[in-house]
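Chain residues, written in single-letter form:
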Amino acid sequence: MPDSTYPNAAGGGEAAPTIVEIGHTGFMQAAFPDTTEFWSTWPDETSEDPARGRRLPTFANLRELARRLADPAVDLVVVHALSCAPWSPRGLGRTVFRRSLLRGSVPFARAFAPQLLRGRVAAPIAVLDFDDPAVVDRANVFLLDRASVYFKRELPPDAWQAFTGTLHWRVPTPRFRRVARHRRRMEKLAPLSLGLPLSVFSRPRPAVVPPAEKTADVFFAGRVTDSSTVRERGLAELVALRDEGIVVDIPDQPLPLDAYLERLARARLVWTPEGYGWQCFRLYEAALCGSVPLANRPTILQHAPLVDGTHALYYDPEPGGLARAVRAALAAPDRLAAIAAAGRPHVLAHHTPPAIARHVVETTFARAGR
C-alpha cells in the first residue's frame, strides 16, 4: 500500500520526498509511487513505463540519469547494494551469459548505472543491502563512502566485522579500527529489516485464527537440504516431537501463497530458523498471521526487533534447544496467545514495506541533517 505522506519528528505528516531509486527492485517506489523515479538494474526486465516512473538504464539515457542525480530538486537517492563490480569476471559473466542475450538484449548500461554515484549527487544517499552475507562486499565500498547511511540486513553485533574478508583480510584488527576513514565507514552502518515481502503485504490481511481453532502446534515450510546447519539439525528434533503427541505440520511440497498463509495462521508456533542469513520472511509472516515465530537466537543487530517473550520466542541452537523451547511454549498457552497478539501489530507498525521505506527516509534525513 503506497504512502503519500510520512510522519515527521513532530508526529504530523508532510509530503512524500522526491526519490531517485537505482536497483533490482523498486522497493522505495512501492511505498512512494507518486514521487519515486525507479531505474531498474534487473538484467532480464524488458519493459519500462516512464509515466509511472519506471525506467531502464541504457547508454542513451545514462546522461539523463546523471542529471537527475545532480538535480537539487531530488530529496533522496536510494541505491541497492551490488553483488559484484560490473567489470569483474563474475559481473561480466552474469551480464552476458543470460537468456536475455538470445533476445538480443545485453544490458551493460544497467550494470553500470549505480557507478554514476561516483559523480555529482545533490541529495543524501541511502544504500539498501538486503543480501544474505554479513559483510559489505568490496564492490560496495564506494557506495558506503558516498552514503549518509548504509542499511544492512545482516549486520553483525560488532559492526566492524562487516568488513571481514573485504576491507580487511580477516577480522579487523585494532590498528584497522583506529583509522579514521574506517571508523567513518563503520558508523554509517545501520540495521535493515527484511520485513514482509511485497507479495504478502499487497494481499488482504490474513485473518487471525483463535487459539482454540488452531490445528497445528508447530508449522515449518522451507528449504532444509543445502541450507543452514541450523535447519538440518533442528528438523530432526522437530520431527521427533511427533512421538510425544505434538502436532508438527511440515508440507511435503511447496504451497501456493494462500495455502501457505492459511497454514501459518493455523499453527501456534512457526519455526523460523536462519537460512543463508538470520532474517527470513517467515519470521514476519508468522507474526502477521497471528502465530508465534520460534527462531534460533539472533546473530545480528536488528531494527525494531521482535522481542523475545513479547513478540516472538528464541531458542539456543545447541542440541535439544529447539525441542525444549517447543515444549515450554506449548505448556503455557495463555502466554503463547499474548505473544501472538502482540506480534501482529508490531510487524504492521515496523516491518511492512512502507514502514521500512519511511524508516529509510527519516534515518537518512536525520543523519544528513535535513
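As shown above, the structure is provided for reference.
Remember, it's a predicted structure, so these values are computed and weren't measured experimentally.

K.L.:
Just to check I follow, could you spell out the overall build of the chain for this structure?
P.N.:
Across its full length, the chain holds 14 helices and 14 strands. The C-alpha atoms of the chain give 22 Å as radius of gyration, which agrees with the globular expectation for 370 residues (21 Å, within 12%). Counting only C-alpha atoms, the chain reaches 65 × 50 × 50 Å along its principal axes. Considering only intrachain contacts with a sequence separation of at least 6, the fraction spanning at least 24 residues in the chain is 67%. Each charge class in the chain was averaged separately, 46 positive and 38 negative side chains, and the resulting centres sit 7 Å apart.

K.L.:
I tried to follow empty space enclosed by the protein on my own but got confused; where do I start?
P.N.:
Space left empty within the atom packing is revealed by a probe, the size of a water molecule, rolled over the atoms. Here the structure, examined in full by the defined rule, presents one cavity of 30 Å³ or more. Its volume calculated, the largest cavity comes out at about 60 Å³. Forming the walls of the largest cavity are Val230, Arg233, Gly234, Glu237, Tyr315, Pro317, Glu318 and Leu322. Element by element, the count of residues in the lining of the largest cavity is highest for helix H9 (residues 229-240), at four residues. When grouped by side-chain class, the residues that make up the lining of the largest cavity number four nonpolar, one polar and three charged.

K.L.:
Even after reading the chapter, I still don't get the sheet that holds strand E11 (residues 248-249), so can you show me in this structure?
P.N.:
Sheets are built from strands paired through backbone hydrogen bonds, the pairs being either parallel or antiparallel. Reading across the sheet, the five strands line up as E11-E10-E12-E13-E14 and stay open at both edges, with parallel pairing between neighbours. What marks the edges here is a single partner per strand, and that holds for E11 and strand E14 (313-315). Relative to E14, strand E13 (residues 292-296) runs parallel, the two sharing three bridges. The residue bridging Leu294 from the neighbouring strand is Leu313, located in E14.

K.L.:
Explain the sheet that holds strand E6 (residues 76-80) to me, please; I cannot follow it from the model alone.
P.N.:
Strand order in this open sheet of seven strands is E5-E4-E3-E6-E7-E8-E9, and the pairing throughout is parallel. Among the strands making up the open sheet, the edge pair consists of strand E5 (54-55) and strand E9 (189-191). Inspection of the sheet shows strand E3 (residues 19-23) paired to strand E4 (residues 36-40) by five bridges, in the parallel sense. Note on E4: the bridge partner recorded for Gly23 is Ser40. Sitting on the sheet, helix H14 (residues 353-368) is in contact with E3, E6, strand E7 (125-129), strand E8 (149-152) and E9, with an inclination near 145° to E8.

K.L.:
Hey, could you run me through unusual backbone geometry in this one?
P.N.:
Keep in mind that most residues, glycine aside, have a negative phi and that most peptide bonds are trans. Positive phi, close to 65°, is recorded for Asp226, a residue that is not glycine. Tracing the backbone through its elements, the reader meets Asp226 in the loop between strand E10 (216-219) and H9. For Ala304, which is not glycine, the phi dihedral falls at a positive 45°. Mapped onto the elements, Ala304 comes out in the loop between E13 and E14.

Parameters at a glance
- Residues numbered from 1 in each chain as written.
- Predicted model: local features only at pLDDT ≥ 70, side-chain atom pairs only at ≥ 80, totals over all residues.
- Heavy atoms only, no water.
- Helix = DSSP H or I, 4+ residues; strand = E, 2+ residues; numbered from the N terminus.
- Rg over C-alpha atoms; globule rule 2.2 N^0.38 Å.
- Contact = heavy atoms within 4.5 Å.
- Lys, Arg positive; Asp, Glu negative; His and termini not counted.
- Charge placed at Lys NZ, Arg CZ, Asp CG, Glu CD.
- 1 Å grid on protein atoms, 1.4 Å probe; cavity = no way out; pocket = protein on both sides within 12 Å on 5 of 7 lines; lining within 4 Å.
- Points joined across faces, edges and corners; volume = space filled by probe spheres on them.
- Nonpolar A, V, L, I, M, F, W, Y, C, P; charged D, E, K, R; others polar.
- Pairing = 2+ DSSP bridges.
- Axes fitted to C-alpha atoms, helices over the stretch in contact; angles between N-to-C directions.

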